[in-house]
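Architecture and fold: a report
Below, each chain spelled out in residue letters.
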Amino acid sequence: MNRRDAIKGLYGLGALVVTATPYALAETHAPLKLRILSYNIQIGRGPGGSYSDPTQAHLDRTAARIADAKPDVVGLQEVDNKTGRSGTDVDQLGVIAELTGFIPTFVAKKEQNGGVYGVGVLSKEKPVSVAHAFIKGSAHRRVLEICEFQRYYFFNTHLPLTEELRVAAVDIINAEAAKRLDKPIILLGDLNAEPDSPEIKKLQETWTQISPNAPTFPADDPKVQIDYIFLKNVKKFNLLEASVIDDSTTSDHRPVLCEVEIF
């Protein structure tokens, strides 16, 4: 079975060992085991929730959904920080971090209604360093958040709405990855692209998709897959779980969860 066939067949098959790109962890390290969650939280709103009413942001529900998944590291998209629409005193990532016990790392992509709007990482481990790369968007600027941890890099992003800009964004992602060949890289996010799109095919040339081929949007009746998790710089991995979490009320996207053991 080739790698693509293996990935296509992973949904519902349980553990799967896959050989990927020719990089290895240091020989002295035990396998790196991670539960990884990607989640577009729609600034705490469920499907149909008002963007202009701060009381519509139910961060307790968001935090509960994250906690239920028991992740080690989380990439969140559509996160407000002290905006008028979500509360001028509300740091959404900070609130969720406090409710779940994770370390928050926020990167803004644009000013929004008195505050800022962007993406965020929640992690059990404090990042060694944090960087970002801006991505051109049609309606507003996008961003790639890059957290370095002791044994891996974590790329979190929310790509633009047009195909041309998403293809260009993949070039930026690949350029940032090329600077970081010393550790495995996890890439995830709301990529706004379906599996047969040019941008996803371009990613699959050098990244290994570990998220299942299953719809993630809209949450109340999923029809398209636009949320993903990928790996790079990995010699071998054991995929222990890959699922789209059944939640139709907390956001307009369903969370994507993978548990992986990297050798």
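Residues numbered from 1 in each chain as written. Predicted model: local features only at pLDDT ≥ 70, side-chain atom pairs only at ≥ 80, totals over all residues. Heavy atoms only, no water.

The next subject is the pattern of salt bridges. Summed over the entire model, instances satisfying the criterion amount to 14 salt bridges. In this structure, Lys33 engages Glu259 in a salt bridge whose closest nitrogen and oxygen atoms are separated by 3.7 Å. Here the residue Lys33 occupies a position in strand β2 (residues 32-40), and Glu259 occupies one in strand β13 (residues 256-262), the gap between them amounting to 226 residues. What makes Lys33 partly exposed here is its relative accessible area of 48%. Relative accessible area serves as the criterion here: at 13%, Glu259 is assigned to the buried category. Linking Asp171 and Lys202 is a salt bridge whose minimum nitrogen-to-oxygen distance equals 2.5 Å. Of this pair, Asp171 sits in helix α4 (residues 163-178) while Lys202 is found in helix α5 (residues 198-204), placing the two residues 31 residues apart along the sequence. Residue Asp171 is classed as partly exposed on the basis of its relative accessible area of 40%. Lys202 gets classed as partly exposed once you look at its relative accessible area, which sits at 25%. Residues joined in a network through salt bridges with shared partners are Lys33, Arg35, Glu241 and Glu259. (Salt bridge = Lys/Arg side-chain N within 4 Å of Asp/Glu carboxyl O. Helix = DSSP H or I, 4+ residues; strand = E, 2+ residues; numbered from the N terminus. Buried < 20%, exposed > 50% of the residue type's maximum accessible area, 1.4 Å probe, protein only.)

Let us look at the pairing of strand β11 (residues 227-232). Of all the six residues making up β11, six are buried; the element is thus mostly covered by neighbouring parts of the structure. Residues Asp227, Ile229 and Leu231 point to one face of β11 and Tyr228, Phe230 and Lys232 to the other, with burial holding for every one of them. Sheet analysis places strand β9 (residues 185-190) next to β11, joined by six bridges and oriented antiparallel. Following the sheet pairing, Gly189 is matched in β11 by Tyr228. Judged from the two bridges that link them, strand β10 (residues 208-209) and β11 form a sheet pairing that is antiparallel. In the sheet register, Gln209 faces β11, and the bridge partner there is Phe230. (Pairing = 2+ DSSP bridges.)

Looking at the element boundaries, His29 is found in the loop between β1 (16-19) and β2. Note on His29: relative accessible area 38%, which makes it partly exposed. It is 9.2 Å that separates the C-alpha atoms of His29 and Arg151, two residues lying 122 residues apart in sequence.

On the secondary structure map, Ser251 appears in the loop between β12 (236-244) and β13. A polar contact is formed between the side chain of Ser251 and the side chain of Asp252, at a distance of 3.3 Å. Polar contacts involving the side chain of Ser251 include one to the main-chain amide nitrogen of His253, which spans 3.2 Å. Discounting chain neighbours no more than four positions away, the residues touching Ser251 are Tyr39, Asn40, Ile41, Gln42, Arg45, Gly46, Pro47 and Ala219. (Polar contact = N/O pair within 3.5 Å; in protein donor to acceptor, adjacent residues only side chain to side chain. Contact = heavy atoms within 4.5 Å.)

This paragraph deals with the pairing of β2. Of all nine residues in β2, eight are buried; the element is thus mostly enclosed. Sheet topology places β2 next to β13; seven bridges connect them, and they run antiparallel. Within β13, the position partnered with Arg35 by the bridge is Glu259. Two strands pair when backbone bridges link them, and β2 and strand β3 (residues 73-81) are joined in this way by five bridges, in the parallel orientation. Across the sheet, the residue bridging to Ile36 is Val73, located in β3.

A few words on the nonpolar core. Counting 24 residues, the largest nonpolar core has Ile36 and Phe154 as its most contacted members. At the level of secondary structure, the elements contributing two or more residues to this core comprise β2, β9, β11, β12 and β13. The residues touching Phe154, leaving out its near neighbours within four places in the chain, are Ile36, Val73, Val74, Gly75, Val121, Glu145, Ile146, Cys147, Phe149, Ile186 and Leu188. In terms of nonpolar packing, the next biggest core, distinct from the first, is built from 20 residues, Ile146, Tyr153, Leu191 and Trp207 among them. (Core = buried A, V, L, I, M, F, W, Y, C linked by side-chain atoms within 4.5 Å.)

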